[in-house]
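Secondary and tertiary structure notes
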Amino acid sequence: DACPRACEPMNAAAAASAMPSSKPLAVVQSMCSKMQDVLCLITTQNQTCADMVQTAVQFGLPIPTSETEAQKMCASAPKSPNISGTLPRITCPAPKTSTRPPKTTPPKTTPPSTTPAGDKVTFRVGFAIASLQKAKDMAQSPVVKSKMEETMADQLNISKTNVYATLSATTARRLADVARRLAAKLNADYSISVPAGTSTSAVQTGVSGLASQTSQLTAALTQKLAGTNFANINVTVASVGAPTIVSAKGNQDSNPTEISGSTAAQDLMLMMITLVSTLMF
C-alpha cells in the first residue's frame, strides 16, 4: 500500500523479461520509463516494499538499490519516447498524521493578592453580663477567648487563625451608684488579619454589618459557650464598634467610633439589658 504506483512498471519489466525474445535493454527501458514510481520501493521505510525488491532481484530484474544507481542505469540505456532524460527526485508520501494541533496547557497563574500583607481590621464588641465578677471571670478565661474568636470567624466567614480577641471587664460609666452593679460589661477587642486574596474593604463591610445582626451574634456565641463552665451565664451583644482599618503602612483609615450610638446611650442600654437578665434569671 505504501507504493501502489510501482506495481505497473514492475509488472511491465517482469513481462518483458519473461518474453522469449527479451533483451536486457528492453527490460531496462521498461523499468526506466517510470523509474520515479520504482524508486518509491527503495526510499520508503516499509518491510513489504523491501521484500518485493528482494524477490524482483531474485527473478533477475534490474532493480536499482539507490537513486544514484537508478540514474546510472537509465543514463546508459538509449532514450525512448517514454524515457525522461533526467530522473526526478521523488519522496514517497509520509504516513498519515493527525492534522489536529497539539494540545497545549496554558501556564498556571496565581492571581495577585488584593490585600497588602499585614492589613488588619480592628473593632470592639460589647457584651452585657449579669455581674461584674462574672464579666471578669469570662475575661480571664482562655476558653471564652477561644469561643469569642471562633464565633467571629464564623460570622465573617474567615479562618479562626485570622482572628484575635482581647477581653476585658468594665462597668458602665455615668450611671447612678445603685445601678452601677447591674451594668457590667465584657468587651472583646477584635483584630482581624485580612486573609490573602480578600479585600480589606470586604472585611470592613462584613464587620459593619454585624451592628444589625446582634441577635444572631448573641445566639451564635451562646451556642459556642454551651458545654463550658459559662453555659449558664446570660451573654447579650449590646454594641458593635465601627471597624478601623490598620494598613500595612501603619496608618489608620477610619475612626473607631461606635455604631450603636453615644457612650451614655450604650451604658443605658447595658443597664436595661442587664436588669432584664437579672430579673429573668
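Let me sum up the structure you'll find in this document. (Residues numbered from 1 in each chain as written. Predicted model: local features only at pLDDT ≥ 70, side-chain atom pairs only at ≥ 80, totals over all residues. Heavy atoms only, no water.)

**Brief notes about the packing of aromatic side chains**
- Following the criterion strictly, the structure yields one aromatic pair and no others.
- A centroid spacing of 5.2 Å and a plane angle of 20° characterise the contact between F123 and Y190, whose relative ring orientation is stacked. With F123 in strand β1 (residues 120–129) and Y190 in strand β3 (residues 184–193), this residue pair connects regions lying 67 residues apart in the sequence. Here F123 and Y190 have matching classes, each one buried.
- The ring of Y164 carries K145 above its face, with NZ or CZ at 3.7 Å from the centroid. (Phe/Tyr/Trp six-rings, centres within 6.5 Å; stacked < 30°, edge-to-face > 60°. Helix = DSSP H or I, 4+ residues; strand = E, 2+ residues; numbered from the N terminus. Buried < 20%, exposed > 50% of the residue type's maximum accessible area, 1.4 Å probe, protein only. Lys NZ or Arg CZ within 6 Å of the ring centre and 35° of its normal.)

**What about the environment of Q216?**
- You can see Q216 is positioned in helix α10 (residues 214–225).
- Distance in space between the C-alpha atoms of Q216 and V237 is 9.3 Å, their sequence separation being 21 residues.

**Points about the pattern of salt bridges**
- Inspection of every chain in the model, using the stated rule, returns five salt bridges.
- Linking E149 and K145 is a salt bridge whose minimum nitrogen-to-oxygen distance equals 2.9 Å. Taken as a pair, E149 and K145 lie in helix α7 (residues 142–156) at a separation of four residues, close to a single helical turn.
- One salt-bridge network, in which partners are shared between bridges, spans E150, D154, K160 and K224. (Salt bridge = Lys/Arg side-chain N within 4 Å of Asp/Glu carboxyl O.)

**Examining the nonpolar core**
- With 34 residues, the main nonpolar core has V125, F127, M138, M152, Y190 and I192 as its most contacted residues.
- Secondary structure elements with two or more residues in this core: β1, α6 (132–139), α7, β2 (163–171), β3, α9 (200–208), α10 and β4 (236–240).
- Those residues in contact with M138, other than ones at most four positions away along the chain, are I129, V144, L167, L186, L225, F230, I233 and V235.
- Core analysis: the next-biggest nonpolar cluster, separate from the first, contains 17 residues, C3, M35, A70 and C74 among them. (Core = buried A, V, L, I, M, F, W, Y, C linked by side-chain atoms within 4.5 Å. Contact = heavy atoms within 4.5 Å.)

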